[in-house]
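Each chain, written out:
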Amino acid sequence: MSDNPILLAEERSEFGKGAARRARRAGKVPTVLYGHGAEPRHLDVPGHDLFLIVRGTKNALVELKIEGKTQLALVKDVQVHPVRRDILHADFLAVKAGEKVDVEVPVVVVGESAPGTVHSVEEFTILVKAPATSIPESLEVSIEGVEAGSAVHVSDLKLPAGVEVELDPETVIVAVQEAAPEEAEEATEEAAAEGDAEGDAE
């Protein structure tokens, strides 16, 4: 049994802003399914279910149930109301098991650079080609012990099996520099405070 969330989708026969508003009033989100050279399909899906799937998740994979048939799809674009934050529209890319897709994956920095340094993230997302059924949620970039004047490049990434990076291997993801005097002082004070807190906890 698949672990992918299921969305019950209905073919949409009406188009335009009026039809979209009626769908939203009924708790549904107008969407478009495209890919594999087929004509785009206009669908309505339950708004709350879609919100729960995409909340805090990038590149969500879903199973669309359309007229009794199942289509694996990747959530590619979600338009959200700027104030209410409810979903106004979404695009789905039809995919097949085993197929690779191009997706942007968030970068997560872990570890601490060498004392007296600060780091700056140059690439917040990385373009990768990954199996549609096993897209990584994020890519960890370790800066543990990295000295000032050094950087972590694309070539330094440890990639999951089957995942390829589309960027130049020399692209800098995170750069490490010497901290300004006031930043270094703040970092020292924070480290001392953390040490005191750990001592108190013991």
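Because the structure is a prediction, the values reported are computed rather than measured.

S.K.: A description of the overall build of the chain should follow, citing residues and the corresponding values.
M.R.: The helix and strand tally for the chain stands at three helices and 13 strands. Looking at the chain as a whole, 33% of its 202 residues qualify as buried. When contacts within the chain are restricted to residue pairs at least 6 apart in sequence, those whose partners lie at least 24 apart make up 62%. Carbon and sulfur atoms make up 50% of the accessible area of the chain, which totals about 12200 Å².

S.K.: Describe in detail the sheet that holds strand E10 (residues 139-142), supporting the description with residues and values.
M.R.: If you trace the four strands from one edge of the open sheet to the other, you get E10-E7-E9-E12, paired in mixed fashion. Of all the strands in the sheet, the pair left with one neighbour each is E10 and strand E12 (164-165). Bridge count for strand E7 (residues 100-110) against E10 is four bridges, and the pairing is parallel. In the sheet register, valine 107 faces E10, and the bridge partner there is leucine 139.

S.K.: Quick rundown of the environment of lysine 65? Include the residues and the values.
M.R.: Turning to its location among the elements, lysine 65 is positioned in strand E4 (residues 61-66). For the pair lysine 65 and alanine 9, spaced 56 residues apart in sequence, the C-alpha to C-alpha distance is 5.7 Å. With residues up to four places along the chain from it excluded, the contact list for lysine 65 reads Ile6, Leu7, Leu8, Ala9 and Thr70.

S.K.: Break down the pairing of E7 for me, with residues and values.
M.R.: With seven bridges connecting them, E7 and strand E9 (residues 125-131) associate as antiparallel partners. Considered in E9, the bridge of proline 106 is made with threonine 125.

S.K.: Summarise the pattern of salt bridges; cite the residues concerned and give the values.
M.R.: A complete count under the given rule lists six salt bridges for this structure. Glutamate 164 is the salt-bridge partner of lysine 100, the closest N and O atoms lying 2.8 Å from each other. Of the two residues, lysine 100 is situated in strand E7 and glutamate 164 in strand E12; the sequence distance between them amounts to 64 residues. The partly exposed category is assigned to lysine 100, whose relative accessible area is 33%. Between aspartate 102 and lysine 129 there is a salt bridge; the shortest N-O distance is 3.0 Å.

S.K.: Can you lay out unusual backbone geometry for me, pointing to particular residues and giving the numbers?
M.R.: The phi torsion at histidine 36 lies on the positive side, around 60 degrees, for a residue other than glycine. Within the element layout of this structure, histidine 36 appears in the loop between strand E2 (28-35) and strand E3 (38-46). Of note in this structure, arginine 85 is not a glycine but carries a positive phi near 70 degrees. As for its placement among the helices and strands, arginine 85 is situated in the loop between strand E5 (69-80) and strand E6 (87-94).

S.K.: Explain helix H1 (residues 17-25) to me, and be specific about the residues and the numbers.
M.R.: Every buried residue of H1 is listed here: Ala19, Ala20 and Ala23. Burial along H1 is one-sided: seen end-on, the buried residues are contained in an arc of 100 degrees. In H1, the exposed positions that point more than 90 degrees away from the buried face belong to Lys17 and Arg25. Of the surrounding elements, those touching the buried residues of H1 are E2 and E3. With its phi angle positive at about 80 degrees, glycine 27 sits one or two positions after the end of H1.

Parameters at a glance
Residues numbered from 1 in each chain as written. Predicted model: local features only at pLDDT ≥ 70, side-chain atom pairs only at ≥ 80, totals over all residues. Heavy atoms only, no water. Helix = DSSP H or I, 4+ residues; strand = E, 2+ residues; numbered from the N terminus. Buried < 20%, exposed > 50% of the residue type's maximum accessible area, 1.4 Å probe, protein only. Contact = heavy atoms within 4.5 Å. Areas by Shrake-Rupley, 256 points an atom, 1.4 Å probe, with all protein chains shown as cover. Pairing = 2+ DSSP bridges. Salt bridge = Lys/Arg side-chain N within 4 Å of Asp/Glu carboxyl O. Arc of directions from axis to C-beta.

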